[in-house]
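Residues per chain are reported as follows:
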Amino acid sequence: MTCGGLLALPVAVDLDTANKALTIGRSTGYALAKRGEYPVTVLKLGNAYRVVTADLHRLLGIVSDGGRGGSELAA
């Protein structure tokens, strides 16, 4: 997943999308979430897991340029 693709994500994403962004396999991602060991905060809403996209951005060191059309990795 590219920086631009990550910045285009909605405010919260499903666990499969977060797994893809973090290059974590589906089974591993769900197991980590179930044990409370996922690398970012996971919200359990009913039977669904959701991840706040801003947490993914912070973990991956992705920062926005404030809406000017670009992005970069944090140094």
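As shown above, the structure is provided for reference.
Per chain, the residues get numbers from 1 upward, laid out in the order the sequence is written. The predicted nature of this model means local features are confined to residues of pLDDT at least 70 and side-chain atom pairs, given and counted, to a pLDDT of 80 or more, with totals for whole chains, interfaces and linings taken over all residues. Side-chain metrics in this entry use all non-hydrogen atoms of the structure; hydrogen atoms and water are not considered.

1. Notes on the pairing of strand β3 (residues 48–52)
Link 1 in the chain: A 1.4 Å probe rolled over the protein chains alone gives each residue an accessible area, and that area as a share of the maximum for its type sets the label: buried under 20%, exposed over 50%, partly exposed in between. Numbering of helices and strands runs from the N terminus; a helix is a DSSP stretch of H or I covering at least four residues, while a strand is a stretch of E covering at least two. By the alternation rule, side chains of β3 split into Tyr49 and Val51, which are all buried, and Ala48, Arg50 and Val52, of which none is buried.
Link 2 in the chain: Following DSSP output, two strands are said to pair if at least two bridges run between them. The sheet contact formed by strand β1 (residues 12–14) and β3 spans three bridges and is antiparallel. Each bridged residue has a counterpart across the sheet, and for Asp14 the counterpart in β3 is Arg50.
Link 3 in the chain: Relative to β3, strand β2 (residues 42–45) is paired through four bridges, and the arrangement is antiparallel. Within β3, the position partnered with Val42 by the bridge is Val51.
Link 4 in the chain: What sits between the antiparallel neighbours β2 and β3 is a turn of two residues, in which Gly46 has the positive phi angle 65°.

2. A word on the nonpolar core
Link 1 in the chain: Grouped together as the largest cluster of nonpolar side chains are 16 residues, with contacts concentrated most on Val13, Leu15, Ala18, Tyr38, Val51 and Leu56.
Link 2 in the chain: Listing elements by their share of this core, those giving two or more residues are α2 (15–22), α3 (26–35) and β3. We define the nonpolar core as a collection of buried residues of types Ala, Val, Leu, Ile, Met, Phe, Trp, Tyr and Cys that are connected through side-chain atoms lying within 4.5 Å of one another.

3. With respect to α3
Link 1 in the chain: If you check which residues of α3 are buried, you get Gly29, Leu32 and Ala33. All buried residues of α3 lie within an arc of 100° about the axis, which places them on one face of the element. Pointing more than 90 degrees away from the buried face of α3 are the exposed residues Ser27, Lys34 and Arg35.
Link 2 in the chain: Gly36 sits one or two residues past α3 and shows a positive phi near 75°. Here the arc refers to the directions that run from the helix axis out to each C-beta atom.

4. Points about the packing of aromatic side chains
Link 1 in the chain: Classification of ring pairs rests on two measures: the distance between centres of Phe, Tyr or Trp rings, Trp counted by its six-membered ring, which must be within 6.5 Å, and the angle between planes, read as stacked under 30 degrees, edge-to-face over 60 and tilted in between. One pass over the full model with this rule turns up one aromatic pair.
Link 2 in the chain: Pairing Tyr30 with Tyr49 gives two aromatic rings, centres 5.8 Å apart and planes at 65°, and the pair type is edge-to-face. Taken together, the positions of Tyr30 in helix α3 and Tyr49 in strand β3 put the pair 19 residues apart, joining distant regions of the chain.
Link 3 in the chain: With a relative accessible area of 26%, Tyr30 lands in the partly exposed category.
Link 4 in the chain: On the basis of relative accessibility, which here comes to 15%, the residue Tyr49 falls in the buried class.

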